[in-house]
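Each chain is listed here by its residues.
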Amino acid sequence: MRGRIFWPLSLAGIVGIAVGLAASPPACAQGFAALVSPPRFELAARPGKILRSVVEVSNRSTAPARYLVHTADWTFSPDFSVSFHDELQPGSCRPWVAIERPEVVVPGGATLRYRFEVNVPADAPAGECRFALMIEGAEPSIARSNGLDMPVTGRIGVIVYLTVGDGTPDLEVFGPKIATLNGQQIPALRVHNSGSAHGRMSGFLTGTDAKGISYDFTPSDFPILPHEEREVFLTPSTATDDHPTLTFPVTVKGTLEWGRQRTELNQRFE
């Protein structure tokens, strides 16, 4: 199931690349020069309503590029990797989704405004519709490996979160624990989401380590999907060092926030 099709494509949908375009990195270094903006959508709609939106697809090469567009389901693994699935997964909302057309050509140095819509059924329960909009190179690129030319297909997945009705996250903080991230030991919290929509942690945290050095701590903002538990890393920094080495035990305190909710944290990690 790759999404229903709607609206004929018009040349008015193609514009020059804008300065300062917020875009995701290329999925393939050779031949695939697509950039997309925004890299993800966080939307909301009531049951029985149609939501329409636009993703911009930019071709940073000088030659025209042909892209295939379709929807996919996706899963978020414990190791923070994302897997895309063409087959409909249990509970998929992709049958609600319509895309502009399955194939587009973008001139060199141009940007295409590509439209999609989600038709939320009137009886849809409060919760969250999640899917990916996939943009793939129609022609394989060539990558050289060990002296051999290998065909590689570049693609970008734009994640769409659509909150339906009164869907909301309900996060509960557990912990503490010490995690290893990029070779460094840092504080972390286990967070469980018992709600019906994804949540992300943010907040203003400070703390000190065993040497009495003061730090700011930034919570990782990975999505915590409904009925899942995930680690939230508390990354330290100082005014002069973005990657300091902590000496445990470490005490962290401040306010954690998600959506309109907040909770106070005063925790020792050892």
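Here's what I pulled together on the structure shown here. Numbering of residues starts from 1 in every chain and runs along the sequence as written. Local features in this predicted model are restricted to residues of pLDDT 70 or higher, and side-chain atom pairs are both shown and tallied only at a pLDDT of 80 or more, whereas totals for entire chains, interfaces and linings draw on every residue. Only hydrogens and water are set aside when side-chain values are computed; all heavy atoms of the structure are taken into account.

**A look at the environment of Val152**
Right, so step 1: Structurally, Val152 can be placed in strand E13 (residues 148-152).
Right, so step 2: Placed 15 residues apart in sequence, Val152 and Gly137 show a C-alpha to C-alpha distance of 9.4 Å. Helix and strand assignments come from DSSP, with helices taken as H or I runs of at least 4 residues and strands as E runs of at least 2, each series counted from the N terminus.

**Structural notes on the nonpolar core**
Right, so step 1: One finds Tyr67, Tyr114, Phe131, Leu133, Val158 and Leu162 to be the most contacted residues of the largest nonpolar core, which totals 33 residues.
Right, so step 2: Any two residues having at least one pair of non-hydrogen atoms within 4.5 Å are treated as being in contact. Those residues in contact with Val158, other than ones at most four positions away along the chain, are Val36, Pro38, Pro39, Arg40, Phe41, Val55, Phe131, Ala132, Leu133 and Ile135.
Right, so step 3: Only buried residues count toward a nonpolar core, which is a set of Ala, Val, Leu, Ile, Met, Phe, Trp, Tyr and Cys residues joined through side-chain atoms within 4.5 Å. The rule is simple: take the accessible area with a 1.4 Å probe, protein chains only, and divide by the maximum for that residue type; under 20% is buried, over 50% is exposed, in between is partly exposed. In terms of nonpolar packing, the next biggest core, distinct from the first, is built from 17 residues, Met201, Phe217, Val232 and Phe269 among them.

**Details of the sheet that holds strand E15 (residues 171-181)**
Right, so step 1: Reading across from one edge, E15-E16-E19-E18-E17-E20-E21 is the order of the seven strands in this open sheet, with antiparallel pairing throughout. On the outer flanks of this sheet lie E15 and strand E21 (261-269), each paired with one strand and no other. Pairs of neighbouring strands in the sheet enclose a mean axial angle of 25°, with direction left out of account. Any two strands are treated as partners once DSSP identifies two or more bridges connecting them. To get an axis, a line is fitted to the C-alpha atoms, and for a helix only the part in contact is used. The angle between two axes follows their N-to-C directions and goes from 0 to 180 degrees.

**Considerations on the pattern of salt bridges**
Right, so step 1: Put simply, a salt bridge is a Lys or Arg side-chain nitrogen that is within 4 Å of an Asp or Glu carboxyl oxygen. A complete count under the given rule lists 16 salt bridges for this structure.
Right, so step 2: Here Glu228 and Arg230 are joined by a salt bridge, their closest N and O atoms 3.5 Å apart.
Right, so step 3: Between Arg268 and Glu270 there is a salt bridge whose closest N-O contact spans 3.1 Å.
Right, so step 4: Overall, the relative accessible area of 44% leaves Arg268 in the partly exposed class.
Right, so step 5: For Glu270, a relative accessible area of 68% gives the class exposed.
Right, so step 6: Taken together, the shared-partner salt bridges connect Arg40, Glu42 and Arg200 into one network.

**Some remarks on the packing of aromatic side chains**
Right, so step 1: Under the pairing criterion, centres of Phe, Tyr and Trp rings, with the six-membered ring standing for Trp, must be within 6.5 Å; the plane angle then separates stacked pairs below 30 degrees from edge-to-face pairs above 60, leaving the rest tilted. Inspection of every chain in the model, using the stated rule, returns nine aromatic pairs.
Right, so step 2: Relative to Tyr67, the ring of Phe32 has its centre 6.0 Å away and its plane inclined at 85°; by these criteria the two rings are edge-to-face. Of the two residues, Phe32 sits in the loop between strand E2 (14-16) and strand E3 (34-37) while Tyr67 sits in strand E6 (residues 65-76), which places them 35 residues apart along the sequence.
Right, so step 3: Taking relative accessible area as the criterion, Phe32 reaches 4% and is therefore assigned buried.
Right, so step 4: Both rings, one in Trp74 and one in Tyr161, keep their centres 5.8 Å apart while their planes meet at 80°; by these two values the pair is edge-to-face. Here Tyr161 lies in strand E14 (residues 155-164) and Trp74 lies in strand E6, a separation of 87 residues in the sequence. Taken as a pair, Trp74 and Tyr161 share a single burial class, namely buried.

**A word on the environment of Ile99**
Right, so step 1: Examined against the element boundaries, Ile99 turns out to sit in strand E8 (residues 97-99).
Right, so step 2: When the C-alpha atoms of Ile99 and Thr71 are compared, they prove to be 8.2 Å apart, with 28 residues separating the residues in sequence.

**Brief notes about unusual backbone geometry**
Right, so step 1: Cis geometry marks the peptide bond from Ser37 to Pro38, where omega comes out at -5°.
Right, so step 2: For Pro38, the position within the fold is in the loop between E3 and strand E4 (40-45).
Right, so step 3: The amide bond that connects Phe248 to the next residue, Pro249, takes the cis arrangement and shows omega of 10°.
Right, so step 4: By secondary structure assignment, the location of Pro249 is in the loop between strand E19 (229-237) and strand E20 (250-258).
Right, so step 5: Here Phe80, not a glycine, exhibits a phi torsion of approximately 75°, which is positive.

**Remarks on the pairing of strand E16 (residues 184-193)**
Two faces make up the sheet, and in a regular strand the side chains alternate between them.
Right, so step 1: With nine bridges connecting them, E15 and E16 associate as antiparallel partners. In the strand pairing of E16, Leu171 is matched with Asn193.
Right, so step 2: Here E15 folds back onto E16, and the loop between the two strands holds two residues, one of which, Asn182, carries a positive phi near 55°.
Right, so step 3: As defined by bridge partners, E16 adjoins E19 across five bridges and the pair is classed as antiparallel. Paired with Val191 across the two strands is Arg230, which belongs to E19.

**Regarding the state of the cysteines**
Right, so step 1: Two cysteine sulfur atoms make up a disulfide if the distance between them is within 2.5 Å. A complete count under the given rule lists one disulfide for this structure.
Right, so step 2: The disulfide partner of Cys93 is Cys129, and the gap between their sulfur atoms is 1.9 Å. Given an S-S torsion of about 75°, the disulfide between Cys93 and Cys129 has right-handed geometry. One end of the pair, Cys93, is in the loop between strand E7 (82-85) and E8; the other, Cys129, is in strand E11 (residues 127-137), with 36 residues separating them in the sequence.
Right, so step 3: Judged by its relative accessible area of 5%, Cys93 is buried.

Everything listed here is a matter of geometry and, on its own, says nothing about what the molecule does.
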